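Survey of secondary and tertiary structure
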4 protein chains.
Amino acid sequence: MIKVGIVGGTGYTGSELARLVLAHPALELACITSRQDAGQPVASQWPQFAARSELRFSAPDPATLTACDLVFFATPHGTAMAMAPGLLEAGVKVVDLSADFRLRSIPEFERWYGMPHTAAELLEEAVYGLPELNRERIRRARLVACPGCYPTATILGFAPLLEHGLLDPRTLVADAKSGVSGAGRKLAMGVLYGEVAENFKAYGVDGHRHLPEIAQVLAECAGAPLGLCFVPHLLPMFRGLQATLYATVTRDPGDLVRLFRERYADHPFIFVHDADGVPETRAVRGSNACHIGLRYFPEQGRVVVFSVIDNLVKGAAGQALQNANLMCGLAEDAGLPGDPFFP
Amino acid sequence: MIKVGIVGGTGYTGSELARLVLAHPALELACITSRQDAGQPVASQWPQFAARSELRFSAPDPATLTACDLVFFATPHGTAMAMAPGLLEAGVKVVDLSADFRLRSIPEFERWYGMPHTAAELLEEAVYGLPELNRERIRRARLVACPGCYPTATILGFAPLLEHGLLDPRTLVADAKSGVSGAGRKLAMGVLYGEVAENFKAYGVDGHRHLPEIAQVLAECAGAPLGLCFVPHLLPMFRGLQATLYATVTRDPGDLVRLFRERYADHPFIFVHDADGVPETRAVRGSNACHIGLRYFPEQGRVVVFSVIDNLVKGAAGQALQNANLMCGLAEDAGLPGDPFFP
Amino acid sequence: MIKVGIVGGTGYTGSELARLVLAHPALELACITSRQDAGQPVASQWPQFAARSELRFSAPDPATLTACDLVFFATPHGTAMAMAPGLLEAGVKVVDLSADFRLRSIPEFERWYGMPHTAAELLEEAVYGLPELNRERIRRARLVACPGCYPTATILGFAPLLEHGLLDPRTLVADAKSGVSGAGRKLAMGVLYGEVAENFKAYGVDGHRHLPEIAQVLAECAGAPLGLCFVPHLLPMFRGLQATLYATVTRDPGDLVRLFRERYADHPFIFVHDADGVPETRAVRGSNACHIGLRYFPEQGRVVVFSVIDNLVKGAAGQALQNANLMCGLAEDAGLPGDPFFP
Amino acid sequence: MIKVGIVGGTGYTGSELARLVLAHPALELACITSRQDAGQPVASQWPQFAARSELRFSAPDPATLTACDLVFFATPHGTAMAMAPGLLEAGVKVVDLSADFRLRSIPEFERWYGMPHTAAELLEEAVYGLPELNRERIRRARLVACPGCYPTATILGFAPLLEHGLLDPRTLVADAKSGVSGAGRKLAMGVLYGEVAENFKAYGVDGHRHLPEIAQVLAECAGAPLGLCFVPHLLPMFRGLQATLYATVTRDPGDLVRLFRERYADHPFIFVHDADGVPETRAVRGSNACHIGLRYFPEQGRVVVFSVIDNLVKGAAGQALQNANLMCGLAEDAGLPGDPFFP
């Protein structure tokens, strides 16, 4: 069994990762850390582990972590860049779910995250962990930066079109909607039941941290910078994320469904609907799938792409595991075969 | 007191209209009809009227209805066009919340609604009941066609920009999201709790009935036909609708907030947020308000408008009452002054 | 107009009170206080007042408050007992929505609320503000202690039976369920969307602060102490509270519906269902009503009472206004006539 | 692999069973039937199977079903009793999730279900499929009648106390609350989103079909008939069920936690909380666990038991699988080891 550690076990992402690792046939959960709750049962934070009284938080000690084969960081920004260098040096693989290694440009990172980058020397080595774009590099990586949830859905939806030069790069709109779990398990007025339920609104309109990440990756796909308008919205629900993507085409794009199916043919988690299909978030709840629906409106010269994921799975913990599988030479979908949880 | 009748009292729109009429200082609810439940207490359908045992459904008889000063139709498409001619002839004013008199083009109506139009002679007389566009004509009207919920939010958000020629007409995108009450109180799989809660999806992607209505009115605002992309989505909540509107500008639009505030200066139900504000649906729950937020991204040459309403009030029953107030010479906001219902 | 002040405007109860006072025909909102947000628009906390930019929080200064005719305290425990003596001396009527003046026994208060009582001299004068029990005393009161939400529903459901000696006092069970707004607008893990939605649980099982209050009042109704089992539960919703009440009868109780209707005959907010009726929370949403359903199972010798309120209205702000109406010589239902907000 | 069939694949229970069987290491889903949708992809009904296009509904033909080793009936009442005799004769094991074989008394069955019983000869052989009561008999059974969801939670909570004669049999109260999935996936007004969300109510107050089932089994536990008061309520959520159980004790019950832990010591799905613990539905979402919390109030001489399950898993599909495992000689928890699905 491959020993893995989870640094940051008190957030939704960390606990979801624990659920997946505990069900994984080849991974063993060596430790799950919480500085504040070290020594406490994980069940003290997470009722779903009520019956697993043996599962306890440990402190994020280097000794504990270097005994792992692979460590996941499900931490706020700043932790992974502080601890990753030591772990890598000790031969431990690192999968970072935070933003520390996502942006290639240090000034961009420092502008959006408001802190200096303390592990700049690793930025070039770090691989952006979207397996549908970078699978081979991930297989050989020691350090993988998992994409954000909005970037995952948006990039998977736009990439095949941009790779073929089908989109006018000035016309991209990503109207994105996420369940509240994307905001994390934190004490903030905006995530109270009374504020979220039966409400809908945009947020982060004047600049969301996922924008530079999306722009960086899509510009690579397009081979040119893009004029992207990205507007996130908060859904009155817990899990699930949809990006509704709009762009003007440069020419008739032909059979969109075939284009996407060929692009993702050997990627097990991408499901492309038939030409009249529309994805929905409940169809991916709890699974690592990304479901894509496609439309071309010739009279408008415009494509619309619907890209749907579970933000905690393909948008976070599941994708992290997919990356870990690749880094460890396991089957890409090991421990991730489950049908969605619906109803 | 002005006697009003509500034809179609078993839908969400009809019951909301009843709530508003019962609280109105100058209107009297003369009848509320349901062919199927005639004679039954309204409370047999609507628990909120449990204590109003005297309130009973009546059959939609011409005799009952012609005794009213004004009749609202909160019925499926087809009913109002059958009954309106007789009522108008009897001197009764008519406010139709269905689609029967919204589209000017009979072929368009027949294409989208799949039935022949049987009161074509009234189409020219019918006034499109968006007071922020047509207030003076509504004041003099005998027959008003209330806008749909999506058209209300979309038109109010785009109109000031189109009226000033600020938008490239080929670039309009309306990404719209509505609570499930917009689908009505009907026995359909898609509106079950188990299908709606904790789910999000687009629908009506290949053609929603509100598209020709929006296109017709916005083309009038712009003085030219438009290439509009309209994609509705279903929110896991009951009330509330947001249209997130995108378009490329033809020139620097200047101070958007001032533009919108001047446009709607004497329209009591339109609230325009400050430049950094973002509307949300809970802020209009139960009220007849439309809240608008505005952004201009100069590097993209693009505006984004957030337009938010309660689909059952400004998108249906409240707007119907606003129209009735104007038609009856009452204050435009009579019976509609209430603060939103939050928390 | 009667000038009223609201001390504590940042909680759900305070904002609901503001909504009701603003719609009241005889009351004027002279001030709404927040120590922390003094000077800020109320809209900075409450999106439903977005369009009321003139409405601002003030500091809870004695000068401001003594200029009022009546002051509501929608504050945490401890504030009202500190400020009420001065206000009463200045001739201001006081309606306290907190627990400061609910319990007659100072040791009981200090045991359950963990603070010394600093206005013990007022406890005898304070009237328990359940108008269906104490209307005449409330009319003459200067200081009214509004009941808690659970006590309101539980007492209204048990009182008629206890007053007639119909219940074995050792057998009372109150299985109560409340929407999360009862917990207030506070930063606590337990009220996050992710913790409340799609979940159900009991809480406060080993002693809830409303227990001594219920026991005190019901013992007065019964003329003897009671063995009451009170178990509150948290519902995955915002507003609404039901107490399902069980007790063994001492004799055949006869026609329960008639008994309750006679008891509450001249109390406008109590609605007693027919013998086969069952109340539901949506039927009282936003209204000051209490709906009651009744069953007697002769083979078990047991009655079951369903008592339903909106915890923020009849359980808090609405009942406070009902009390204020009585204290000011207004109609008991002035400003409270509204139909429930459903759908 | 053991071939299993699911008769009735269009309900929530049938689809949940499919999810579990597809993940089971020793079972193979040989067929899933729907008379109406025969030949259609299962994904036409269930979006969670969108990517399993090969999974199709078949007609419930005897030939198909007799080729199975075991058949589950997830059908409305009446189907299993029509088809089970033929299947048993052909050597197929049968697990019935409907009520056809739950009640021992034919008159009781016919009174509550309003249809004649057509397989009375099997009633004696059928084993009531609550493994925590009848595990050995289930191991040897050909025909198992799975308990209803309310009976599962209620019986597991009361049984240890009744088996020890600790409860006054006239004092049992079961105040039960269930998510709306218990009502099935059907076109009925009461299960619409607009009727369920943000609402709470009792239902089935004058006689719910699970009452005779609970009474029958608990009387067996107690060795005497009981005076049980059972009141079900509808929660505004999808999955999850809690029974809050009240009873007066005949003597000091001692250490309740130890009593329950000893009773269920070798039953892997029962988790008994510590003395100060309280269960919650999210802690069992998607899992086959039953979580139990316990209180004894000596001054009242009363116990309170909190019994919590996922009504679709331990209350239906999971328990059916647990029974099937036992009938097939597999580990009791084969295919059921999963951690709950939270957050």
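What you are looking at is a predicted structure, and each value in this text was computed from that prediction instead of being measured.

Calculation criteria
Sequence order as written defines the numbering, with residues in each chain counted from 1. Labels follow written order: the first chain is A, the first ligand is 1, and so on. In view of the model being predicted, local features appear only for residues whose pLDDT reaches at least 70, and side-chain atom pairs are presented and counted only at 80 or more, with totals across whole chains, interfaces and linings using the full set of residues. Just so you know, side-chain values use all the structure's heavy atoms and leave hydrogens and water out. For the least-squares superposition of copies, only C-alpha atoms count, and only for residues with pLDDT at least 70 in both. Contacts are assigned to residue pairs that have any heavy atoms within 4.5 Å of one another. Strands pair, by our definition, only if DSSP identifies at least two bridges between them. Put simply, DSSP H or I for four residues or longer makes a helix, DSSP E for two residues or longer makes a strand, and each gets a number counted from the N terminus. Orientation is described by lines fitted to C-alpha atoms, with helices fitted over the stretch in contact, and by angles between N-to-C directions that extend from 0 to 180 degrees. Working definition: a ring pair exists when centres of Phe, Tyr or Trp rings (six-membered ring for Trp) sit within 6.5 Å. Plane angles under 30 degrees give stacked, over 60 give edge-to-face, the rest tilted. Exposure categories follow from relative accessible area, calculated using a 1.4 Å probe and restricted to protein chains: below 20% of the type maximum is buried, above 50% is exposed, and the middle band is partly exposed. In this scheme, the term charge over a ring applies when either NZ of a lysine or CZ of an arginine sits within 6 Å of the ring centre and within 35 degrees of the ring normal. Roughly parallel means an angle under 35 degrees; roughly antiparallel means over 145; roughly perpendicular covers 65 to 115; every other angle is labelled oblique. For this scheme, ten residues count as nonpolar: Ala, Val, Leu, Ile, Met, Phe, Trp, Tyr, Cys and Pro. Four count as charged, namely Asp, Glu, Lys and Arg, and the remainder, Gly too, count as polar. Buried area: the accessible area, evaluated with a 1.4 Å probe, that two parts lose upon being put together, summed over both parts. Here a salt bridge means any side-chain nitrogen of Lys or Arg lying within 4 Å of a carboxyl oxygen belonging to Asp or Glu. Pairs of N or O atoms are called polar contacts if they sit within 3.5 Å, as long as, within protein, a hydrogen donor faces a hydrogen acceptor (for residues adjacent in sequence, only side-chain-to-side-chain pairs). Buried residues of nine kinds, namely Ala, Val, Leu, Ile, Met, Phe, Trp, Tyr and Cys, make up a nonpolar core once their side-chain atoms join them within 4.5 Å.

Things to note about the relation of the copies chain C and chain A
Screw-axis analysis of chain C against chain A gives a translation of 0.0 Å along the axis, an RMSD of 0.0 Å, and a rotation angle of 180°. Taken together, the rotation and translation relating the two chain copies correspond to the operation of a two-fold axis. The overlap is high: 100% of the interface residues of chain C also sit at the interface in chain A, so the same surface is used on both sides.

Some thoughts on the sheet that holds strand E7 (residues 143-145) of chain B
Residues and elements named next belong to chain B. The 7 strands lie next to each other as E3-E2-E1-E4-E5-E7-E6, forming an open sheet whose pairing is parallel. Each of the sheet's edge strands pairs with one partner strand only, and the pair in question is strand E3 (57-58) and strand E6 (127-128). Pairing of strand E1 (residues 2-7) with strand E2 (residues 27-33), which is carried by 6 bridges, proceeds in the parallel orientation. Its bridge partner lying in E2, Ile6 is registered against Ile32.

Looking at the sheet that holds strand E13 (residues 290-297) of chain C
The strands making up a sheet associate through hydrogen bonds between their backbones, and the pairing can be parallel or antiparallel. Residue and element names in this part refer to chain C. Read across the sheet, 7 strands follow the order E9-E10-E8-E11-E14-E13-E12 without closing on themselves; strand pairing throughout is mixed. Looking at which strands have only one partner, the edges of the open sheet turn out to be strand E9 (201-202) and strand E12 (270-272). Of the pairings in the sheet, the one linking E13 to strand E14 (residues 302-309) comprises 8 bridges and is antiparallel in character. In the strand pairing of E14, Ile292 is matched with Ser307. Strands in contact with helix H6 (residues 149-163) are strand E8 (172-178), strand E10 (228-234), strand E11 (241-248), E12, E13 and E14; relative to E11, the strand with the most contacts, it is inclined by about 35°. On top of the sheet, helix H9 (residues 256-263) reaches E12, E13 and E14; it is set at about 150° to E13, its chief contact.

Section: the relation of the copies chain A and chain B
Note on the identical chains: chain A maps onto chain B by a rotation of 180° and an axial translation of 0.0 Å, with an RMSD of 0.0 Å. Interface residue correspondence from chain A to chain B reaches 100%, placing this contact among same-surface, isologous pairings.

Looking at the packing of aromatic side chains
Taken as a whole and judged by the stated rule, the model has 28 aromatic pairs over all chains. Aromatic side chains Tyr12 of chain D and Phe238 of chain D sit 4.9 Å apart centroid to centroid with 85° between the ring planes, which places their arrangement in the edge-to-face category. A residue pair is termed long-range when its members are at least 10 positions apart, and Tyr12 of chain D in helix H1 (residues 12-22) and Phe238 of chain D in the loop between strand E10 (228-234) and strand E11 (241-248) qualify at 226 residues. Across the pair, exposure class does not vary: Tyr12 of chain D and Phe238 of chain D are buried alike. Through successive ring pairs, a cluster of aromatic residues spans Tyr12, Trp46 and Phe238 of chain A together with Phe342 of chain D. If you follow Arg185 of chain A out to its NZ or CZ, it ends over the ring of Trp46 of chain A, 3.9 Å from the centre.

Here's the deal with the packing of helix H6 (residues 149-163) of chain B against helix H10 (residues 313-327) of chain B
Residues and elements named next belong to chain B. Where H6 meets H10, the closest approach of the two axes is 8 Å, and the angle between their N-to-C directions is 100°. Regarding the angle of H6 to H10, the classification is roughly perpendicular. Of H10, the residues touching H6 (which contributes Cys149, Thr152 and Leu156) are Lys314, Gly315 and Gln319. Here the residues of the contact of H6 with H10 are counted per class, giving 2 nonpolar, 3 polar and 1 charged.

Notes on the interface of chain C and chain A
Contact with chain C, which involves 17 residues of that partner, is made by 17 residues of chain A. Summed over both partners, the interface of chain C with chain A comes to about 1500 Å²; 68% of that surface belongs to carbon and sulfur atoms. We note a salt bridge from Arg185 of chain C to Glu195 of chain A, for which the minimum N-O separation is 2.8 Å. Seen at the junction of chain C and chain A, the total is 8 residue pairs in polar contact (both at pLDDT 80 or more). Examining the composition of the side of chain C that touches chain A, we find that 4 residues originate from one element, helix H7 (residues 193-196) of chain C, more than from any other. For the side of chain C that touches chain A, the per-class residue count stands at 13 nonpolar, 1 polar and 3 charged.

A look at the nonpolar core
In this structure, Phe72 of chain A, Phe72 of chain B, Phe72 of chain C together with Phe72 of chain D are the most contacted members of the largest nonpolar core, which totals 188 residues. Filtering out sequence-adjacent residues up to four positions away, Phe72 of chain A remains in contact with Val4, Gly5, Ile6, Val7, Leu17, Val21, Val95, Leu97, Ala320, Leu321 and Ala324 of chain A. If you look at the next biggest cluster of nonpolar residues, it comprises 41 residues, including Leu218, Leu241, Val249 and Val272 of chain D.

Here we look at unusual backbone geometry
Residues and elements named next belong to chain A. Positioned with a positive phi, Glu198 is a non-glycine residue whose angle comes to about 55°. Turning to its location among the elements, Glu198 is positioned in the loop between helix H7 (193-196) and strand E9 (201-202). With a relative accessible area of 13%, Glu198 lands in the buried category.

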